Amino acid sequence: MALHFVTDDAGHAEPGDAVVLTGAEAHHAAAVRRVRVDEHVTLGDGRGAWLAGIVTAVTPKQVDVTVTARDDVAPPAPRFVLVQALAKGDRDELAVQAATELGVDAILPWQAARSVSRWDAKADKGLARWRTIVREAAKQAHRAWIPEVEGVVRTADLVRLARTASVLVLEPSASDRLVTIAAEASDGRDVVLVVGPEGGIAPEELTALSDAGARIVRLGDTVLRTSTAGAAAIAVLSAAHGRW
């Protein structure tokens, strides 16, 4: 499979045009992936543009690609949105990376009641870190659309969201299984998966979300870590909605 790179310039390029990679993307292409002249690659802008091209020149700071074909990929519908609770260590980052590779379309960091990690004054740094992880994971997975990482949400924000989107809260003690409702979960609306922190979702949060219209569901008979639950749920949704 051809190597894939992301540049805003891909958005308006057509067959026959030259696209120039510079900066970090050029360094990654030339020094890390070691692309060579005449090698076939793909380019995207992360917003649906998908280009095939041939490398025509390589230097440490610049890689030139001539576009040979273009496709415009429609955004996924319905969108799969992951609400990922902040977690200690790198567990939330692992969750974001895996969910991106498996097909999530947007991510909301959640400051849950039981989140050990607290972004607070360092929210901008945390968001920048997650966006970098998502961008690199989307490139690795050869995705035409890079998921959006939106601002930090609180439980009150999720309660409001549950009134307009199809919100599914992952809870090991729930009676309903995700696999039994996954295909009908959308109703034409975004499907929002809520994953709690290491200590689980607090009872008062579960009640508030349920009262607002969210469905409480479980994946199976085992309990997954916060770093893997969202990715597993995205896989179930992808299969149920024909993406896989």
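Chemist: Is there a simple way to explain the pairing of strand β7 (residues 106–110) in this structure?
Modeler: Two faces, one strand: in a regular strand the side chains alternate between the faces of the sheet. Most of β7 sits out of view: 5 of its 5 residues are buried. What you see with β7 is no split at all: Ala106, Leu108 and Trp110 on one side and Ile107 and Pro109 on the other are buried throughout. By the bridge criterion, 5 bridges tie strand β6 (residues 80–85) to β7 in an arrangement that is parallel. Bridge pairing links leucine 82 to isoleucine 107 in β7. One ladder, built from 2 bridges, connects β7 with strand β8 (residues 148–149); its direction is parallel. Its bridge partner being in β8, alanine 106 is matched across the sheet by glutamate 148. Between the parallel pair β7 and β8, the chain is carried across by helix α3 (residues 123–140), and the sense of this crossover is right-handed.

Chemist: Honestly, unusual backbone geometry in this entry has me stumped. Any pointers?
Modeler: Backbone geometry follows two general trends: most residues other than glycine have a negative phi, and most peptide bonds adopt the trans configuration. Between alanine 77 and proline 78 the backbone carries a cis peptide bond, its omega angle lying at -5°. Within the secondary structure, proline 78 sits in the loop between β5 (62–72) and β6. Of note in the backbone geometry, aspartate 38 takes a positive phi value of approximately 80° without being a glycine. You can see aspartate 38 is positioned in the loop between α1 (23–32) and β3 (40–44). Owing to a relative accessible area of 58%, aspartate 38 belongs among the exposed residues under this scheme. Although it is not a glycine, histidine 142 sits at a positive phi angle of roughly 60°. Along the chain, histidine 142 falls in the loop between α3 and β8. Judged by relative accessible area, which is 22%, histidine 142 ranks as partly exposed.

Chemist: How do you make sense of the environment of threonine 100 when you look at a structure like this?
Modeler: Within the secondary structure layout, threonine 100 lies in helix α2 (residues 91–102). For the pair threonine 100 and isoleucine 201, spaced 101 residues apart in the sequence, the C-alpha separation amounts to 23 Å. For threonine 100, the contacting residues outside a window of four places in its chain are Ile107, Val134, Ala137, Ala138, Arg143 and Pro147.

Chemist: Before we go on, may I ask you to explain the layout of surface pockets in this structure?
Modeler: A probe matching the size of a water molecule, rolled over the atoms, marks out where space remains unfilled. Size it by volume and the largest pocket reaches roughly 330 Å³. Elements with a minimum of two residues in the lining of the largest pocket: β11 (191–195), β12 (215–218) and α7 (226–240). Taken together, the residues of the lining of the largest pocket break down into 11 nonpolar, 5 polar and 4 charged. In this structure, the second largest pocket encloses a volume near 280 Å³. Residue lining of the second largest pocket: 16 residues in total, with Pro76, Gly103, Asp105, Arg143 and Arg243 positioned closest to the centre. Across the lining of the second largest pocket, the residue classes tally to 9 nonpolar, 3 polar and 4 charged.

Cut-off values and rules
- Residues numbered from 1 in each chain as written.
- Predicted model: local features only at pLDDT ≥ 70, side-chain atom pairs only at ≥ 80, totals over all residues.
- Heavy atoms only, no water.
- Buried < 20%, exposed > 50% of the residue type's maximum accessible area, 1.4 Å probe, protein only.
- Helix = DSSP H or I, 4+ residues; strand = E, 2+ residues; numbered from the N terminus.
- Pairing = 2+ DSSP bridges.
- Right-handed = clockwise from strand over helix to strand, strands pointing away.
- Contact = heavy atoms within 4.5 Å.
- 1 Å grid on protein atoms, 1.4 Å probe; cavity = no way out; pocket = protein on both sides within 12 Å on 5 of 7 lines; lining within 4 Å.
- Points joined across faces, edges and corners; volume = space filled by probe spheres on them.
- Nonpolar A, V, L, I, M, F, W, Y, C, P; charged D, E, K, R; others polar.

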